[in-house]
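# Secondary and tertiary structure notes
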Amino acid sequence: MNASHDYQRVYVWQQPVRWFHWINALAIITLGVTGWLITHPPALMNSGEAWTSFWFGKVRFVHFASGYVLLANFLVRIYWSFAGNKYASWRNFLPLTKAQVREVWQVLKVDIMQSSDKAVHALGHNAVAYFTYAATGLLTVFQVVTGFALMAPTSQSWIPRLFTWVTPLFGSEGSVRTFHYAGMWLFVIFTFIHVYLVFYHDYVEGHGVMSSIIGGWKFMEKHKIAAQEATGISGLPTKSRKAGSRPKA
Amino acid sequence: MSLELETLPKEQTIYDQVIARGVSRREFLGFCAWIGACIGVQGAGVDQVVKALETKKRIPVIWLHFQECTCCSESFLRSSHPIVADILLDKISLDYTETLMAASGHQAEQALQDTIAKYKGEYLLCIEGSVPLAEDGVYCCIGGKSAKGIAEECAEHAKAIIAWGNCACSGCVQAAKPNPTQATPIKKVIAGKPIINVQGCPPIAEVMAGVLVHLLAFDAIPELDNLGRPKAFYSRRVHDTCYRRPNFDAGLFVESFDDENARKGYCLYKVGCKGPTTYNSCGTIRWNGGVSFPIQSGHPCIGCSEENFWDKGPFYERLPDFPGFGVEATADTLGKVALGAAAVGVAAHAVMTNFRKRNEIGEQTGENAERAEKADTAVTDDHSI
């Protein structure tokens, strides 16, 4: 075989990252569907008495329960960004180093504007993807905060009650609801583009990005991995590692 | 009003005044128990209410009217209990109020000055209406002074301030976009004084009376929520106290106002009821002496005790217009447009990607063909030997 197609298998996504991804996906889908139903309840029942059914109450229950799952899962992921491997590290998520900024531009040139064919081959995510996930994390925080704020007045639990300060910032609970609902749309749009881009990268690069979130392995030509390690963009920057921060395997 | 007060013996307690008006002690006690229940005090607290009304003298009150429709006063006057109007309004309060006082012109303005001077730090300032700040406040002037000037002047020596109704609490209809007069709620005009926001358009009469009695009986600001509203009346959502709530949980909704579901009294959520985000006592105290409230009469709650409820319309739809967009657009409209744009982008991108991939595959097969050709030649050569 040609030397340029000499592939190596790299274990990129550790189990907690994969679990996080799928639990998160499930929670977001559940929250989105139930959230949609709460805002637009369908006319499932057009006759009957109230005591015979509790379906809308159940939809709300599932929504609230999934909210807790989303939060717990998110907290685990934050922990793992300190405890996990270099691809899971919190350092990747904001493009703060020069190398990361350069990679952001390159990815935009290749993937979005398609004006360059020097594709970025990242073992973890590329710098744009990491940043997008940081933004999604922020959106998660926003949804959790507004969601619990909406739940606080009718909840006995201390967790929602931590967020009673939110409603005054919005003026009224109606406004909090509107923005919480708009957040759902951002997730819908994110999911749409996210799924497309996974297809795109798998289709174009052939690094097994699609299966990597199931098995954790990615496949990449050895010379591309060597180039990656040299620039050290994916994962911890080589320089900062030398500068005395925690070395990572 | 101030004239009448002079004819009364000074230092009269509220109880003395009520008895002098021909109210029996039995009726008086009944009132105390009733209003005590309204403000949510326990049995022992009723005792305190009785004692307070028996021993305390009237609270001097200045009641100002700015940008408003007087529906708060109207609501108060229509309180179901005669003693409310009688003692709270007629006797203990209102040293100055534009709507009800006998005096007018310079006499009235003099009464205001006299009250401030005489009861420094003791009087209660009630404000009905918002304060226009645009053009130096020309949109609401009384006796040659702007509303802002009057409010500040009266607030300086007030013991506490009650902001009556949505106008005073958050600007109501005149603060709706584009708010040409820059109508501003009291909490944003006056700082450094305790302000009780008694929300609603108008507030329920019993709620207004309850707040006054609380101030009188306990000589303290009632416990307020984080938007400055008394918790006794505004800590629960209309939704949570609504008798139609079981229909909500069962998913039984009115689809339009003339359908069978409306007749059956199902939940009004889908026709725009703002009960789930509105904090008020309509579901418990109700209106006109507990006769009814909007939802009971088949109309969705419009959320009149919440900030900017005029801009959170339409009243008869579930999803409000999304803030910040001139044209009417709900979160759904915006979401669909954004998703559509994303889909178009993705489709175009996918087409481009396929061209690129074809080139790449083409290059590869080109290489392969070349190599295959070489191999072929080699084989041919072998054969030729």
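Residues numbered from 1 in each chain as written. Chains lettered and ligands numbered in written order. Predicted model: local features only at pLDDT ≥ 70, side-chain atom pairs only at ≥ 80, totals over all residues.

### A few points about the overall build of chain A
Regarding its fold elements, chain A presents 10 helices and two strands. Listing every helix and strand of chain A by position from the N terminus yields β-α-α-α-α-α-α-α-α-β-α-α. The contacts in chain A between residues at least 6 apart in sequence include a share of 67% that link residues at least 24 apart. (Helix = DSSP H or I, 4+ residues; strand = E, 2+ residues; numbered from the N terminus. Contact = placed C-beta atoms within 7 Å.)

### A look at the overall build of chain B
In terms of helices and strands, chain B carries 14 helices and nine strands. For chain B, the share of sequence-separated contacts (at least 6 apart) that also reach a separation of at least 24 residues comes to 70%.

### A look at the interface of chain A and chain B
Counting residues at the interface gives 38 residues for chain A and 37 residues for chain B. Listed by contribution, the elements that provide at least two residues to the side of chain A that touches chain B are helix 2 (55–83), helix 6 (166–170) and helix 7 (173–205) of chain A. It is helix 7 of chain A that provides the largest number of residues to the side of chain A that touches chain B, a total of 15 residues. Residue composition of the side of chain A that touches chain B, by class: 22 nonpolar, 14 polar and two charged. (Nonpolar A, V, L, I, M, F, W, Y, C, P; charged D, E, K, R; others polar.)

### Some points on helix 4 (residues 127–151) of chain A
All names here are of chain A. The terminal C-alpha atoms of helix 4 lie 36 Å apart, and with 25 residues this matches the ideal 36 Å at 1.5 Å per residue to within 8%. For helix 4, the full list of buried residues reads Ala127, Val128, Ala129, Tyr130, Thr140, Gln143, Val144, Thr146, Gly147, Phe148, Ala149 and Leu150. Tucked inside the fold, the buried residues of helix 4 contact helix 2, helix 3 (98–112), helix 5 (158–161), helix 6 and helix 7. (Expected span 1.5 Å × (residues − 1). Buried ≥ 20, exposed ≤ 12 C-beta atoms within 10 Å, placed from the backbone.)

### A word on the sheet that holds strand 3 (residues 124–128) of chain B
Residue and element names in this part refer to chain B. Spatial strand order, 2-1-3-7-9: five strands in an open sheet with parallel pairing. Of all strands in the sheet, those with a lone pairing partner are strand 2 (96–97) and strand 9 (195–198), marking the two edges. Against the sheet, helix 10 (residues 205–218) touches strand 3, strand 7 (160–164) and strand 9, its axis set at about 155° to strand 9. (Pairing = 2+ DSSP bridges. Axes fitted to C-alpha atoms, helices over the stretch in contact; angles between N-to-C directions.)

### A short note on the pairing of strand 9 of chain B
All names here are of chain B. A two-sided burial pattern is seen for strand 9, the buried positions comprising Ile195 and Asn197 on one face and Ile196 and Val198 on the other. Alignment of strand 7 against strand 9, held across four bridges, turns out to be parallel. Bridge pairing in strand 9 places alanine 163 opposite asparagine 197.

### So, the environment of A:Val128
Residues and elements named next belong to chain A. Structurally, valine 128 is set in helix 4. Residue valine 128 is classed as buried on the basis of its C-beta count, with 22 C-beta atoms lying within 10 Å. For the pair valine 128 and arginine 9, spaced 119 residues apart in the sequence, the C-alpha separation amounts to 23 Å. Setting aside anything within four residues of it in sequence, one finds valine 128 in contact with Val104, Val107 and Leu108.

### Concerning the packing of helix 3 of chain A against helix 4 of chain A
When two helices pack together, their arrangement is given by the angle between the helix axes and by the axis-to-axis distance. All names here are of chain A. Where helix 3 contacts helix 4, the two axes come as close as 7 Å, and the packing angle between them is 100°. When the interaxial angle is binned, helix 3 and helix 4 end up roughly perpendicular. For the pair helix 3 and helix 4, the contacting residues are Gln100, Glu103, Val104, Val107 and Leu108 in the first and Ala127, Val128 and Phe131 in the second. In terms of residue class, the contact of helix 3 with helix 4 is built from six nonpolar, one polar and one charged. (Parallel < 35°, antiparallel > 145°, perpendicular 65-115°, else oblique.)

### Brief notes about unusual backbone geometry
Residues and elements named next belong to chain B. Residue lysine 177 is joined to proline 178 through a cis peptide bond whose omega torsion reads 0°. You can see proline 178 is positioned in the loop between helix 9 (165–170) and strand 8 (183–184). Omega for the bond connecting cysteine 201 with proline 202 falls within 30 degrees of zero, at -5°, which places this linkage in the cis form. In this fold, proline 202 is placed in the loop between strand 9 and helix 10. Positive phi outside glycine occurs at threonine 70, with the angle close to 70°. By the secondary structure assignment, threonine 70 is in the loop between strand 1 (61–65) and helix 5 (71–77). Overall, the presence of 16 C-beta atoms within 10 Å leaves threonine 70 in the partly exposed class. At asparagine 179, a position not held by glycine, the phi torsion is positive, near 45°. Position of asparagine 179 among the secondary structure elements: in the loop between helix 9 and strand 8.

### Describing the environment of A:Leu186
Topologically, A:Leu186 is positioned in helix 7. Since 16 C-beta atoms lie within 10 Å of it, A:Leu186 is described here as partly exposed.

### Structural notes on the nonpolar core
With 92 residues, the main nonpolar core has B:Leu125, B:Ile127, B:Ala151, B:Ile161, B:Ala163 and B:Ile186 as its most contacted residues. Of all the elements, helix 10 of chain B adds the most residues to this core, at nine residues. Excluding its chain neighbours within four sequence positions, the residues that come into contact with B:Ile127 are B:Leu64, B:Phe66, B:Ala151, B:Ile161, B:Ala163, B:Trp164, B:Ala168 and B:Ile186. Listed in part, the 15 residues of the second largest apolar core include A:Trp13, A:Phe20, A:Ala127 and A:Ala129. (Core = buried A, V, L, I, M, F, W, Y, C linked by C-beta atoms within 7 Å.)

### Topic: the confidence of the model for chain B
Confidence in the prediction for chain B averages 83 pLDDT; 86% of positions are at 70 or higher. Counting contacts from residues 378–385 of chain B, a segment whose pLDDT is below 50, to residues more than four positions away or on other chains yields zero contacts. (pLDDT = per-residue confidence, 0-100.)

### Some points on the packing of helix 1 (residues 15–39) of chain A against helix 2 of chain A
Residues and elements named next belong to chain A. At a minimum axis distance of 9 Å, the contact between helix 1 and helix 2 shows a crossing angle of 155°. As the angle between them shows, helix 1 and helix 2 are arranged roughly antiparallel. Classified by chirality, the crossing of helix 2 by helix 1 is left-handed. Contacts between helix 1 and helix 2 involve Pro16, Val17, Phe20, Ile23, Asn24, Ala27, Thr30, Leu31, Thr34, Gly35, Leu37 and Ile38 from the first element and Val59, Arg60, Val62, His63, Ser66, Gly67, Val69, Leu70, Asn73, Val76, Arg77 and Trp80 from the second. Class assignment of the residues belonging to the contact of helix 1 with helix 2 gives a composition of 14 nonpolar, eight polar and two charged. (Left-handed = near helix turned anticlockwise from the far one by under 90°.)

### What to know about the confidence of the model for chain A
Looking at chain A as a whole, the pLDDT averages 84, with 89% of positions reaching at least 70. Segment residues 234–249 of chain A is flagged for pLDDT under 50; beyond a separation of four residues in sequence, or across chains, it makes 22 contacts in the model.

### Side note on the pairing of strand 3 of chain B
All names here are of chain B. Most of strand 3 is tucked away: five of the five residues are buried. Along strand 3, one buried face is formed by Leu124, Cys126 and Glu128 and the opposite face, lined by Leu125 and Ile127, is buried too. For strand 1 and strand 3, the ladder comprises five bridges, and the chain directions are parallel. What sits directly across from leucine 64, in strand 3, is isoleucine 127. With five bridges joining them, strand 3 and strand 7 adopt parallel strand pairing. Note that in strand 7 the partner of leucine 125 across the bridge is isoleucine 161.

### Brief notes about helix 10 of chain B
Residues and elements named next belong to chain B. With 14 residues, helix 10 should reach 20 Å at 1.5 Å per residue; the first-to-last C-alpha distance of 20 Å fits that figure. In terms of residue burial, helix 10 counts as a mostly covered element, since 12 of its 14 residues are buried. Positive backbone phi, at 50°, marks aspartate 219, one or two positions downstream of helix 10.

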